[in-house]
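The residues making up each chain are set out below.
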Amino acid sequence: MSMPMYVSPEQVMKDRADYARKGIARGRSAAAVSYADGIVLCAENPSSTLRKVSEIYDRMAFAGVGKYNEFDSLRIAGVRQADLRGYNYSREDVDARSLANWYAQILGQTFTHEMKPMEVEILVAEIGPERDQSQMFHILYDGTVVDEHDFTVLGGEAESIAERLGASWSAGQDLGPALRSVVDALAGPDRTLASGDLEVAVLAYGNGRRAFRRLADADVDALLAD
Amino acid sequence: MAGDRRATMGHIISHRSIEKVFPADRHSGVAIAGAAGPAMEMVKLFQLQLEHYEKVEGSTLSLDGKANQLSQMVRGHLPIAMQGMAVVPLFAGFDLARKAGRIFQYDVTGGRYEETNFATTGSGGMLASTVIKVGFSEDMTSGAAIDLAIDALFRAADDDSATGGPDLVRGIYPTVATITAEGFERVADSDVASRFASLAERLTTQAPVGAETTDDRGDI
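Cut-offs used in this document
Residues numbered from 1 in each chain as written. Chains lettered and ligands numbered in written order. Predicted model: local features only at pLDDT ≥ 70, side-chain atom pairs only at ≥ 80, totals over all residues. Heavy atoms only, no water. Helix = DSSP H or I, 4+ residues; strand = E, 2+ residues; numbered from the N terminus. Buried < 20%, exposed > 50% of the residue type's maximum accessible area, 1.4 Å probe, protein only. Areas by Shrake-Rupley, 256 points an atom, 1.4 Å probe, with all protein chains shown as cover. Lys, Arg positive; Asp, Glu negative; His and termini not counted. Charge placed at Lys NZ, Arg CZ, Asp CG, Glu CD. Phe/Tyr/Trp six-rings, centres within 6.5 Å; stacked < 30°, edge-to-face > 60°. Lys NZ or Arg CZ within 6 Å of the ring centre and 35° of its normal. Pairing = 2+ DSSP bridges. Axes fitted to C-alpha atoms, helices over the stretch in contact; angles between N-to-C directions. Contact = heavy atoms within 4.5 Å. Buried area = accessible area lost by both parts, 1.4 Å probe. Salt bridge = Lys/Arg side-chain N within 4 Å of Asp/Glu carboxyl O. Polar contact = N/O pair within 3.5 Å; in protein donor to acceptor, adjacent residues only side chain to side chain. Nonpolar A, V, L, I, M, F, W, Y, C, P; charged D, E, K, R; others polar. 1 Å grid on protein atoms, 1.4 Å probe; cavity = no way out; pocket = protein on both sides within 12 Å on 5 of 7 lines; lining within 4 Å. Points joined across faces, edges and corners; volume = space filled by probe spheres on them.

A. Spatial organisation of the overall build of chain A. Along its length, chain A carries six helices and ten strands. The principal-axis extent of the C-alpha atoms belonging to chain A is close to 70 × 50 × 30 Å. Within the span of chain A, comprising 226 residues, buried residues form 49% of the whole. With the model as given, the accessible surface of chain A reaches about 11100 Å², and the carbon-plus-sulfur share is 52%. A gap of 5 Å separates the mean positions of the 24 positive and 35 negative side-chain charges of chain A.

B. Examining the packing of aromatic side chains more closely. In total, this model carries ten aromatic pairs over all chains according to the counting rule given. For the ring pair Tyr68(A) and Phe71(A), a centre distance of 5.5 Å and an interplane angle of 80° mean the geometry is edge-to-face. Of the two residues, Tyr68(A) and Phe71(A) both sit in helix H2 (residues 68-88), three residues apart, roughly one turn of that helix. Their ring planes at 55° and their centres at 5.6 Å tell us that Trp102(A) and Tyr103(A) sit as a pair that is tilted. Under the relative-accessibility criterion, Trp102(A) is labelled partly exposed at 26%. Residue class for Tyr103(A) comes out buried when judged on its relative accessible area of 0%. Positioned above the aromatic ring of Tyr87(A) is the side chain of Lys44(B), whose terminal nitrogen or guanidinium carbon lies 4.7 Å from the ring centre.

C. Expanded view of the sheet that holds strand E3 (residues 53-57) of chain A. All names here are of chain A. Taken in spatial order, the five strands make up an open sheet running E3-E4-E5-E6-E7, and their pairing is antiparallel. Taken across any chain shown, the strands that pair with only one partner, and hence form the sheet edges, are E3 and strand E7 (145-148). Put simply, the sheet's adjacent strands are angled 25° from each other on average, direction ignored. Bridge count for strand E5 (residues 120-126) against strand E6 (residues 135-139) is five bridges, and the pairing is antiparallel. Looking at the pairing, glutamate 126 lines up with glutamine 135 of E6. The strands touched by H2 within the sheet are E3, strand E4 (60-66) and E5, with E3 carrying the most contacts at an inclination of about 20°.

D. Broad picture of the interface of chain B and chain A. Opposite the ten residues of chain B that make contact, chain A presents 14 residues. Around 1100 Å² of area is buried between chain B and chain A when both sides are counted, 44% of it from carbon and sulfur atoms. Where chain B meets chain A, there are four salt bridges. Across the pair Arg209(A) and Glu51(B) runs a salt bridge, and its minimum N-O distance is 3.3 Å. Our count for the contact surface shared by chain B and chain A stands at ten residue pairs in polar contact (both at pLDDT 80 or more). Split by residue class, the side of chain B that touches chain A holds three nonpolar, one polar and six charged.

E. Local environment of the layout of surface pockets. Residue and element names in this part refer to chain B. In this structure, the second largest pocket occupies an estimated 1200 Å³ of space. In terms of residue count, helix H1 (residues 36-57) provides more of the lining of the second largest pocket than any other element does, eight residues in total. Of the residues assigned to the lining of the second largest pocket, the class counts are 15 nonpolar, twelve polar and 21 charged.

F. Broad picture of the side chain of Ser29(A). Residues and elements named next belong to chain A. Tracing the chain through its elements places serine 29 in the loop between helix H1 (9-26) and strand E1 (30-35). Residue class for serine 29 comes out buried when judged on its relative accessible area of 4%. Setting aside residues up to four positions removed in sequence, serine 29 forms contacts with Ala43, Glu44, Val65, Leu154, Gly155, Gly156, Glu157, Ile161 and Leu186.

Structure (C-alpha cells):
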C-alpha cells in the first residue's frame, strides 16, 4: 500500500495562489475611479458583447478580470443575491459591503477547499445615497477584501497601473479628465487605447434610481478627445 | 395609462390614495385591478423579474416576452383567484422593435389578449371603456388621449362606487402616465388637476346628465 505524499499546507496554498495569479495575469486589467458625479469603471476589453463591467443593483456595479466564465457566474450570483435581498427587505437594504463579504466567503471557501482556485479578481463598486460616499471593494482570488475610496485597479499589472493612476488622479474631477487618467494608466507609456479597446460604464448621480450607464464608443471618443 | 386611487373593503373605502398604475420597466407599465394585496405583490415581482432578466442577460426582454411573463404570473394566481381574490392587470408598453405602443389585457386564467386601441379593467372598466369607445380616434395627440382617459375615469367614478373620482379636498387625483420611445413618464399631478378642472367646467356649462335628479346646486 502506497502512502500519499506529504505536501505542507504552506506549499499547497502557495501553489494555488501562484496558479490563480498566473491565470489572472494572462488577461487585461480594469480600473474604477471616483469622480465628481460618481464612479467611472473602465476595462480593457476588445469584445463588445462579453462584458467585464456590469450592473448589480441601483447604485452598485461589478467588474471582473481573469477567467470569463468564473467571474460571470459570480456576477450572476451577485445580481440574484442583491435582487433577492431587495425583494425580501427593501431596496435600501442592499449594500456593497455585505455583497463584498458574501463574495469574499465564496472565493475564500473555493480557495481553501477546492482543487482549483478561481482565477478572478472582482470589484463591487457603490455610490452612496449621498455624494462623496463612494465605496469600492476589491476582492482577490483567495477571498481577501480591500476597500478603496478613490480608485482601484484589478488585474495582473495592477501595481504599475495603480502607480500611474495615483499620479494623475485628483478628487472631484469631471468625467472627461477622470476617464483620460484611467485610460492613460491602463495603456501605460508605450501604448494608446482607443474606444474600441475599452469598455466604459459609470455609476452616476442624476441617472435616476438605477445609476449604472454604459458609455457608447462615440461618447468615450468624445470624452477622450476633450 | 390611467388609474383611479380608491381601494374598497366591502362597502367601505379602505384607502383613498392607493396607486394602481406602475412602471414595469423603462418602456412599459402595468395597471392593476382586483384584490389589492396580491395585485401589488404581483407588480413587485413582475418589476423584479424584468429588471433581473435585464441585468443577468445584459438586454431587455421583448415586449411580447414581458406580456407573456405577466400572463404566467396571472395564471399562477388562479387558485387564489378561485377563492375570490382575483387579480386582473393591464400591460402596455412601447415596443422598441416594432416602434409602436401596444396594449395587453388579461383574464383570471392568464389569458393574454392584445388590444389595438384601448383596454380597461376593474369594476368600472366597462363604464370607462364606453366613454373611450365614443371619444377615441386613431390620430389623437397625447394630450387628447390623457383628457379622454381622465373623462373615462370621471364617468366610471360617477356610476361605480368602487371607482374613485378626483378628491379636490385632499388634492388626490388619478395616476396618469404616458409610455413613449423615451420611456414611462408620469403626468404631473398639477397637470391632471388642471385637466380635471377644465373637464368639470365643460360639464357644468352643459346641462349635466341626470341633472333633474340632483339638488338645486346641480352637483354631480
